Amino acid sequence: MLTLILVVELTAVAVTALLSRQAVVTTADLTALGIIVGLGLLMGELTRHVERVRRRFNDTPHVNLTSVWTFSAALVLPPALTPAVVGALYLHLFWRSWYRVRGVRAYRLVFTASTVALAAHTGWLVRELVAPAGPDQWDRPVTVVAVALAVLAYSAVNSGLVAAAITLHERRLDLRRALGTGKENALEYGTLGLGAITALLISFNPAWALMVVPALLVLHRSVLMRQLEEAASTDQKTGLANATAWTTLATAEIQRAARDGSQVGVLMVDLDRFKAVNDAHGHLVGDRVLQAVADTLTACARRYDVVGRWGGEEFVMLCPEVDAEALRAIGERVCERVRELRVPISETGGGAVDRLSVSVGVACYPEFGPELQDVLLAADDALFVAKDSGRNQVQTIVAAIGDVGAPRAPSTGS
């Protein structure tokens, strides 16, 4: 980890020095530099409270929206000036937004700024190789291609170096932690697109860059609202939907199924003998086991299924457009995959938790209905049948004929 940090920082300095040897800095370049740094610092000041809250709620590579200014600098400034933009913006971020945020340290600031500087230099090199005439001729198709390739190169270098650092630090490969979610990556590409537009405006007249500020203010607050909504609806240990959010989604799906005359399946999944795992290895290992089971459920789910954590070691899955046979097959697949799990006891090796199993209860709407709670009750009853029958299996129950609310009897099999 330390080696990677030093290599990245020294490489950023070396590349900057190499690209700056024959660079010619004009008065127009200095004017553009002042505009970019000034607007970047203004945006940083106007959004510092939003940025501080966003940083606290983010557990994946953080997209801070400074790429608007660093990427535009890479397109319109000589390489010698781009690190000045990066340095000014990240020093301001650290001082005004990140200084009191847990986990943000000065060495991380230097490393992040170095990765951004290298990404900006890479973007400049790609643009220079494809369209050496520079971004002053924006009407040329080759310039559009050059900027698009520069976006990809910038993102690849920045994300790749950050992902490598996270993986080395945590000593395990977690793609979500290392590369971020699809939404975060989409935000990064959107920010780089705004950076290209900002460069276009600066190439005509630097004052036009002021038009980007209102859009960025709205984007900052919109991203914060999305993060707060996700935090309110997400289970913090597993990343799944929490019980409240899952119930809301499931209720809406049951209502849709009632209108369309379709079926909806529910799986209640309980991790067998989880207390023994906590007692033997501690709660930190128990949390790893919960995360591994949550990941397994997500992998077994179809694209439009909704997986949630119901509470403790109990999970729930909503499966629209499914019949009883297909629902049971999903449950069997979950059982099989959990049996194969081996969860490391520590990040440095030294054994693993295995022989895990789950008990699964399944129920379908409208066989058990008419409300979501009726289907949940049936799935929960089936889960208890699975527990009483020896665990590590899938069970369902049958409704009393003519009365959905009547006592239910366990089905045979599994």
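In the block above lies the structure referred to throughout.
Reference entry: report on the structure contained in this document. It should be emphasised that the depicted structure is a prediction, and the values quoted were computed from it without experimental measurement.

**Brief notes about the overall build of the chain**
Here is step 1 of the chain: A tally of regular secondary structure across the chain gives 15 helices and nine strands.
Here is step 2 of the chain: Within the chain, buried positions represent 47% of all 414 residues.
Here is step 3 of the chain: Contacts spanning at least 24 positions in sequence make up 71% of the contacts within the chain whose residues lie at least 6 apart.

**Here's the deal with the pairing of strand β1 (residues 264-271)**
Here is step 1 of the chain: Burial analysis of β1 places eight of its eight residues in the buried class, the great majority of the element.
Here is step 2 of the chain: Along β1, one buried face is formed by Val 264, Val 266, Met 268 and Asp 270 and the opposite face, lined by Gly 265, Leu 267, Val 269 and Leu 271, is buried too.
Here is step 3 of the chain: As paired strands, β1 and strand β3 (residues 314-320) are joined by seven bridges and run antiparallel to one another. Note on β3: the bridge partner recorded for Leu 267 is Met 317.
Here is step 4 of the chain: Here β1 pairs with strand β6 (residues 358-365) via eight bridges, running antiparallel. Looking at the pairing, Asp 270 lines up with Ser 359 of β6.

**Let's talk about the nonpolar core**
Here is step 1 of the chain: Grouped together as the largest cluster of nonpolar side chains are 43 residues, with contacts concentrated most on Ile 36, Trp 69, Phe 71, Leu 75, Leu 77 and Val 85.
Here is step 2 of the chain: Tallying contributions element by element places helix α4 (residues 67-76) first for this core, with seven residues.
Here is step 3 of the chain: Excluding anything up to four places from it in sequence, Trp 69 contacts Ile 36, Leu 39, Gly 40, Met 43, Val 85, Leu 89, Thr 198 and Leu 216.
Here is step 4 of the chain: Listed in part, the 34 residues of the second largest apolar core include Ala 294, Val 307, Cys 319 and Val 353.

**Comments concerning the sheet that holds β1**
Here is step 1 of the chain: A sheet is described by the order of its strands in space; here five strands give the open sequence β2-β3-β1-β6-β7, paired in mixed fashion. Looking along the sheet, the strands with just one partner apiece sit at the ends: β2 (306-311) and β7 (394-395).
Here is step 2 of the chain: Sitting on the sheet, helix α13 (residues 283-300) touches β1, β2 and β3, and the angle it makes with β3 is about 10°.

**So, the packing of helix α12 (residues 274-281) against α13**
Here is step 1 of the chain: At a minimum axis distance of 7 Å, the contact between α12 and α13 shows a crossing angle of 140°. By the angle class used here, α12 and α13 are oblique. Residue-level inspection shows Phe 274, Val 277, Asn 278 and His 281 of α12 in contact with α13, the latter providing His 283, Val 285, Gly 286, Val 289 and Leu 290.
Here is step 2 of the chain: Class assignment for the residues of the contact of α12 with α13 results in five nonpolar, four polar and no charged.

**Concerning the pattern of salt bridges**
Note that side chains of opposite charge can pair when their charged atoms are close.
Here is step 1 of the chain: Scanning the entire structure with this criterion turns up eleven salt bridges.
Here is step 2 of the chain: A salt bridge links Lys 237 to Asp 287; the shortest N-O distance between them is 3.2 Å. Within this pair, whereas Lys 237 is found in the loop between α10 (212-233) and α11 (243-260), its partner Asp 287 is found in helix α13, the two being separated by 50 residues in sequence.
Here is step 3 of the chain: Shared partners join several salt bridges into a network, and the residues in it are Glu 253, Arg 256, Asp 260 and Glu 321.

**So, the side chain of Ser 262**
Here is step 1 of the chain: Mapped onto the elements, Ser 262 comes out in the loop between α11 and β1.
Here is step 2 of the chain: Apart from residues lying up to four places away in sequence, Ser 262 is in contact with Arg 256, Ala 257, Glu 321, Tyr 365 and Pro 366.

What counts as what
- Residues numbered from 1 in each chain as written.
- Predicted model: local features only at pLDDT ≥ 70, side-chain atom pairs only at ≥ 80, totals over all residues.
- Heavy atoms only, no water.
- Helix = DSSP H or I, 4+ residues; strand = E, 2+ residues; numbered from the N terminus.
- Buried < 20%, exposed > 50% of the residue type's maximum accessible area, 1.4 Å probe, protein only.
- Contact = heavy atoms within 4.5 Å.
- Pairing = 2+ DSSP bridges.
- Core = buried A, V, L, I, M, F, W, Y, C linked by side-chain atoms within 4.5 Å.
- Axes fitted to C-alpha atoms, helices over the stretch in contact; angles between N-to-C directions.
- Parallel < 35°, antiparallel > 145°, perpendicular 65-115°, else oblique.
- Nonpolar A, V, L, I, M, F, W, Y, C, P; charged D, E, K, R; others polar.
- Salt bridge = Lys/Arg side-chain N within 4 Å of Asp/Glu carboxyl O.

Purely geometric stuff here, so don't read any function into it on its own.
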